[in-house]
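This is what each chain is made of:
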Amino acid sequence: MSTGGIGPRFALGERDVRRVADAVDFIRATGTREALDAVLPGTDLARHLEFAHGALLVAGVSAEQAAADLARLGVTPRDPVARERPAWRLGPDDPDVRVVRGVVGDGPRGVVLVVCGGRGVVPACEDEPRLVFRATSDDDVVLRGVYEAVAEAGPAPDGGGYDRSEDATVLHFRGGRRLALAAPGRRDALLLRHLGRPDQAGRDMLHLMSGAWRTRSLAVVAELGVADLLADGPKSTAELAAATGVREDNLRRVLRYLASLGVFAVDGDTWSSTDLGALLRSDVDGSQRDLARLYGGLFYRSFGALEHTVRTGESAFTHVFGADPFDHFAAHPADARLFESAMASGASFLRAVPGALDLPAEGAVVDVAGGDGHLLAYVLRAAPRLRGALFDRPHVIGAARAVLAGHGLAGRVELVAGDFFRDPVPPGGAVYLLSRILHDWDDERCGTILRNVRSAAAPGATLAIVERPIPESRGGQLPLAWDVHMMVNNVHGRERTPSEYRKLLCANGFRLDEVRPLPLDMAVLVATATG
Ligand SMILES: C[S@@+](CC[C@H](N)C(=O)[O-])C[C@H]1O[C@@H](n2cnc3c(N)ncnc32)[C@H](O)[C@@H]1O
């Protein structure tokens, strides 16, 4: 169904209305066979499974409002509208979560909205509906066979449980697209098979606790340039050890561990890169080699002092290196180059920023603390008549000059060295960018930065903030991990929820208009300078 111009009559936000409308269209138009092809290509399970419904996460409304919006999209809500909490999907700390069900067209297929109250933002990875298939048999042997066929097709188990209101055991999977199987009644044996081995909790805990080993192993092979050496084709351990000047047996054991994690492939004693491992090459688009060196090097050492930060509140980085990070980088050029390069290489999502902005045809874009200039380059290349200014600390300007010149933009950009706590930022921009800056500072210092930008910007100018916001209603893993990272590696850093950004902006001369999602749980928070 077309939503046409989405007006205020919907309680759901514009993006959620589109997602739900698209899902309803898909559910209405798609039969079991095509739906199975979408999630389990190459299997032939249409005899045993029927496409029952599509389930979507939405946020920021009540269950009643969501049901009313479903009705506006031509879906008949099933009574009662808010039947139960999806206890198997979300933690017990989500009192606001409810399930709203509706029937699409004349049925039998339906749509299920998992509704988070509050002002949550649904992460981009949740955009597509989870397709739920009902088993047509209640025979244990048939059900087990169907389950094994699904599991063999590749998707990984992703939780599950008994759904009392539907009297069904629901088994969730994630893979290319997410899906779930619903088997009639209580199926404890199947659930146990799905949820894992009896020692699964112990395995999971060991996996969690050995995260530092993975971080360091990746950093070491990145430092040695192993993925670069494999760029031309497979090599033996002896060849790799000779090229890198390390001990053959010890290198083999690290590579073997990383191969078990999917980073390399091994045939006998000969190694090659997987798609994942190729990200550690220095010459590929989206290379993460320097990020691996930074996280497993400088920031690994600071993370060692996490307990100090938790006990005292002092930044672990400052505790370990004797200076706050930006002063440390100003005094240590090699670390500064690694940091800038890692920032650029770990930021493939910056390429999506121009597309997420309504860029004006003319005027200037000012990138405040723009680092080595990659983001400004992407923006200026997307809008050839815009000019740019990059403002950052003096030791960063040289790197930015080189990157912008490399993009052929030297003539369109002004480079301004300064300190955003003391010096004025370039005035008169139509768009100001603050990318990965506010999360480095506490509210008071963010206020100083924002007021500085506000003094430079005319009313109506756009401020685009690129950050990794913490979802309002339930935590995404990446933003929460980065929140701890900011605590360790900045003096006053923290990630924030969209409503925390809204408050911060409002107190300092801006209005938050919209939060637009980017890959890797990043987002552009689009704000306007108020009069
Ligand atoms: C995390 S990096 C982000 C760089 C860039 N905006 C990006 O997204 O890739 C933080 C930037 O803030 C700059 N910065 C830190 N303190 C600053 C200050 N007092 N004045 C101006 N820039 C500063 C750093 O030099 C660095 O380039």
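Residues numbered from 1 in each chain as written. Predicted model: local features only at pLDDT ≥ 70, side-chain atom pairs only at ≥ 80, totals over all residues. Heavy atoms only, no water.

1. So, the site of the ligand
Then, in step 1: Near the ligand there are 18 residues, and of these Ala 369, Asp 392, Phe 420, Ser 435 and Arg 436 occur at the shortest range.
Then, in step 2: Here Asp 392 contributes a side-chain N or O atom positioned 2.6 Å from an oxygen atom of the ligand.
Then, in step 3: Contact between the ligand and Phe 420: a nitrogen atom at 2.9 Å from a main-chain N or O atom of the residue.
Then, in step 4: Relative to its free-state accessible area of 590 Å², the ligand is covered by the protein chains to the extent of 95%. (Near = heavy atom within 4 Å. Polar contact = N/O pair within 3.5 Å; in protein donor to acceptor, adjacent residues only side chain to side chain. Areas by Shrake-Rupley, 256 points an atom, 1.4 Å probe, with all protein chains shown as cover.)

2. Concerning the environment of Phe 317
Then, in step 1: Along the chain, Phe 317 falls in helix 14 (residues 316-321).
Then, in step 2: Using a relative accessible area of 0% as the deciding quantity, one classes Phe 317 as buried.
Then, in step 3: It is 36 Å that separates the C-alpha atoms of Phe 317 and Thr 237, two residues lying 80 residues apart in sequence. (Helix = DSSP H or I, 4+ residues; strand = E, 2+ residues; numbered from the N terminus. Buried < 20%, exposed > 50% of the residue type's maximum accessible area, 1.4 Å probe, protein only.)

3. Side note on helix 1 (residues 14-29)
Then, in step 1: Helix length check: helix 1, at 16 residues, gives a terminal C-alpha distance of 22 Å against a target of 22 Å (1.5 Å per residue), a fit within 8%.
Then, in step 2: What helix 1 keeps buried is the set Asp 16, Val 17, Arg 19, Val 20, Ala 21, Ala 23, Val 24 and Ile 27.
Then, in step 3: In this structure, the buried residues of helix 1 make contact with strand 1 (49-59), helix 3 (63-72), strand 2 (75-77), strand 3 (98-104) and strand 4 (110-116). (Expected span 1.5 Å × (residues − 1). Contact = heavy atoms within 4.5 Å.)

4. A short note on a nonpolar patch on the surface
Then, in step 1: Residues Met 205, Leu 206, Leu 208 and Met 209 make up a contiguous nonpolar surface patch of roughly 450 Å² in combined accessible area.
Then, in step 2: As for its placement among the helices and strands, Leu 208 is situated in helix 6 (residues 200-209). (Patch = residues over 30% accessible without salt bridge, like charges linked within 9 Å, V, L, I, M, F, W, Y side chains within 5 Å. Salt bridge = Lys/Arg side-chain N within 4 Å of Asp/Glu carboxyl O.)

5. A short note on the sheet that holds strand 9 (residues 235-236)
Then, in step 1: Read across the sheet, 3 strands follow the order 9-11-10 without closing on themselves; strand pairing throughout is antiparallel. Only two strands of the sheet have a single partner each, and these edge strands are strand 9 and strand 10 (264-267).
Then, in step 2: When strand 10 meets strand 11 (residues 270-273), the two strands line up antiparallel, connected through 4 bridges. Residue Val 266 lies in a different strand from strand 11, and its bridge partner there is Trp 271. (Pairing = 2+ DSSP bridges.)

6. Considering the packing of helix 7 (residues 211-224) against helix 10 (residues 248-260)
Then, in step 1: Their axes nearest at 10 Å, the elements helix 7 and helix 10 cross at an angle of 120 degrees. Comparing the axis directions of helix 7 and helix 10 gives the class oblique. Two packed elements cross with a definite hand, and for helix 7 against helix 10 that hand is left-handed. Of helix 10, the residues touching helix 7 (which contributes Trp 213, Arg 214, Ser 217, Leu 218, Val 221 and Leu 224) are Leu 251, Val 254, Leu 255, Tyr 257 and Leu 258.
Then, in step 2: The residue makeup of the contact of helix 7 with helix 10, split by class, is 9 nonpolar, 1 polar and 1 charged. (Axes fitted to C-alpha atoms, helices over the stretch in contact; angles between N-to-C directions. Parallel < 35°, antiparallel > 145°, perpendicular 65-115°, else oblique. Left-handed = near helix turned anticlockwise from the far one by under 90°. Nonpolar A, V, L, I, M, F, W, Y, C, P; charged D, E, K, R; others polar.)

7. Observations concerning empty space enclosed by the protein
Then, in step 1: As enumerated under the stated definition, the model contains 1 cavity of 30 Å³ or more in all.
Then, in step 2: The volume enclosed by the largest cavity comes to roughly 50 Å³.
Then, in step 3: Along the walls of the largest cavity sit Leu 49, Ala 135, Leu 143, Val 146, Tyr 147, Leu 171, Leu 181, Ala 182, Ala 183 and Leu 190, which together make up its complete lining.
Then, in step 4: Those elements that provide at least two residues to the lining of the largest cavity are helix 4 (140-152) and strand 8 (179-184). (1 Å grid on protein atoms, 1.4 Å probe; cavity = no way out; pocket = protein on both sides within 12 Å on 5 of 7 lines; lining within 4 Å. Points joined across faces, edges and corners; volume = space filled by probe spheres on them.)

8. Some thoughts on the domain arrangement of the protein
Interface size is commonly expressed as the accessible area that is lost once the parts come together.
Then, in step 1: Its domain assignment divides the protein into domain 1 (14-200), domain 2 (210-284) and domain 3 (344-529).
Then, in step 2: Taking only C-alpha atoms into account, the centre of domain 2 sits 35 Å from that of domain 3. (Domains from an automatic or database assignment.)

9. Things to note about the side chain of Arg 178
Then, in step 1: Looking at the secondary structure, you find Arg 178 in the loop between strand 7 (168-174) and strand 8.
Then, in step 2: A residue is classified by how much of its surface remains accessible, and Arg 178, at 17% relative accessible area, is buried.
Then, in step 3: At 3.1 Å, the side chain of Arg 178 forms a polar contact with the backbone oxygen of Glu 128.

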